[in-house]
Structure formats: C-alpha cells, structure tokens
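Each chain, written out:
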Amino acid sequence: MKENLVNKFNRFIIGILILSIVSVSFFFKLDTYLFIIVSFLSFYDLYKSKVLNLIGILLLLILLILFVLFTKHISFFVITSLSLISIILFIYYHNYRRVFFSLSIIFFLLAFYNVSLIDRNIFYLLISVSFVNDTLAFLVGNIIKGPVIAPNISPNKTWSGTSFSFLLSYLILIYFGFNLFISIIIASLFFFGDLLFSFFKRKTSIKDFSSLLISHGGILDRLDSMFLVFIFINFYLQFV
C-alpha cells in the first residue's frame, strides 16, 4: 500500500516536471532543443532496454542526423510510408522486431521534428493532449476499473479509462479547431500507439524501456501514445 502511494506520488511529480519542461520549451521557443533531448533519451532507452547495442545506437543516430539534414527534400508521404512499413515489418518479422521497431522510432522522431517546424502550436497541443489522455486513462482506470480491453497485450488498459480519455481528447481537439473526423482519428491513435508499444514490450519481455523517469519508466514509455499521432499528423498537415 505504502509502496503504491509512493509510486503514484513519484508519477505525479515526474509528470509535473515533464509538463514544465514542455511549457518552457513552448514559451521560449526551444523546439529544436526539445527534439534533441527527446531523441537522445529515446536512444538511451533503446540501449538501456537492450533493444539495440551501442553500435546499433550509433548507426541509428547517424541515420537520424542524415534524415534531419535532408528533411526538406523528403516528402511527407515518404516519411509516413517508411513509418508504416517499419511498423508492419516489426509486427510480422519476429526475428527482426528490435531492428524494425528501432527504425520506426527514427521515423517517429523525424515526424516529431517535422511537425514542430510546420506548426508549433499543433505540435505542443498534441503533446499536451497526449499527457491529458494518458493521465485520465490512468486515473479513471484505477478508480472505476472494469473490463480490460486487451489483457494479452496490455493488462492495465481498461474500457473505462480508455473511453473517458478518448472522449476528453476528442473534445479538446474539437475545441482547438480540428474537424470531427480528424479528431476521432487522433483520439483513437493515442490509444493504438500505446497499444502498439505494449505489444512490442510484451513480445520482447520488456517491462519499461528504462527507469529514467522513475515510475513513468523511460521516455519511450511516455511517447507511446504520441507515436502514431505524429506520424499521422506529419502526413495530414500537407493537405491543410
């Protein structure tokens, strides 16, 4: 009981700290620095969880740098396509899951970076809604409990928590000008991104990517719900 309270308190404090860093980045226009920090911590998580060894991390870093340098010459469609191909391959090719998952992280980071360049207001809105979505799902799931959605993949994800978080995310997106259809897609992708990461961790026997954020796990454990959203928005923004 005491340990559970300590974990919840730590989770709250770390959550406030993360939101503070994001807020400072927004108000002082430190978007590039936020991207660098997120990228570095993502590589740390991949190494710490033994998804990749040091050589793999260095190759991944070089790949990301090359993509960033030539990002203006790479179409939105190409980035989105590579992201989806990596996801499909890591689901179906069991022996190479760690490699394809790592590549999908690269394309996510690239989409993350692109969205910050195209529309920083949308960039920070999606980060904020993601945190609201995760927090509400956690709180409502713990209070109401009820049936679990995918017990074989994510045993803590309840219908109650997911429903409430979906509804609130949807309403926030509508309030900030997204249309009904796009709001439904984004609110749904918060859930499916989270589930996708849970699937990978379950298949590779990873509980958390690291203990960097204490009870929050690693940075990748917090980016999971943003994963598919930023890949989608990176593609969507070219039509807006």
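These figures come from a predicted structure and were not determined experimentally.

Visitor: Please set out the overall build of the chain residue by residue, giving values where relevant.
Guide: Of regular secondary structure, the chain possesses nine helices and two strands. When the helices and strands of the chain are read in sequence order from the N terminus, they spell out α-α-α-α-α-α-β-β-α-α-α. A globule of 240 residues ought to have a C-alpha radius of gyration of about 18 Å, and the chain, at 17 Å, matches this closely. Considered along the principal axes of its C-alpha atoms, the chain spans approximately 50 × 40 × 35 Å. Here the chain, with 240 residues, has 48% of them falling under the buried criterion.

Visitor: Talk me through the packing of aromatic side chains; I want residue IDs and the actual numbers.
Guide: Under the definition given, this model contains 25 aromatic pairs. Note on F90 and F101: the rings are 5.6 Å apart at their centroids and 85 degrees apart in plane angle, and the pair reads as edge-to-face. You can see F90 sitting in helix α4 (residues 76-92) and its partner F101 sitting in helix α5 (residues 97-118), a full eleven residues away along the chain. When its relative accessible area of 1% is taken as the criterion, F101 is described as buried.

Visitor: Kindly report on the confidence of the model for the chain, identifying the contributing residues and their values.
Guide: Averaged over every residue, the pLDDT of the chain is 89; residues scoring 70 or more account for 95%. Mean pLDDT values over the elements of the chain span from 76, in helix α1 (residues 2-27), up to 96, in helix α2 (residues 31-48).

Visitor: Could you give an account of a nonpolar patch on the surface, with specific residues and numbers?
Guide: On the surface, a cluster of nonpolar side chains totalling about 1100 Å² of accessible area is made up of Y47, L54, I55, L58, L59, L61, I62, I65, L66, L69 and F70. Here the element with the most residues in the nonpolar patch is helix α3 (residues 54-69); it accounts for nine residues. Locating L61 in the fold gives a position in helix α3.

Visitor: Tell me about unusual backbone geometry, and name the residues and values.
Guide: The phi dihedral of K29 is positive, around 55 degrees, even though this residue is not glycine. The residue K29 is located in the loop between α1 and α2 in this model. Accessibility expressed as a relative area gives 64% for K29, which makes it exposed.

Criteria and cut-off values
Residues numbered from 1 in each chain as written. Predicted model: local features only at pLDDT ≥ 70, side-chain atom pairs only at ≥ 80, totals over all residues. Heavy atoms only, no water. Helix = DSSP H or I, 4+ residues; strand = E, 2+ residues; numbered from the N terminus. Rg over C-alpha atoms; globule rule 2.2 N^0.38 Å. Buried < 20%, exposed > 50% of the residue type's maximum accessible area, 1.4 Å probe, protein only. Phe/Tyr/Trp six-rings, centres within 6.5 Å; stacked < 30°, edge-to-face > 60°. pLDDT = per-residue confidence, 0-100. Patch = residues over 30% accessible without salt bridge, like charges linked within 9 Å, V, L, I, M, F, W, Y side chains within 5 Å. Areas by Shrake-Rupley, 256 points an atom, 1.4 Å probe, with all protein chains shown as cover. Salt bridge = Lys/Arg side-chain N within 4 Å of Asp/Glu carboxyl O.

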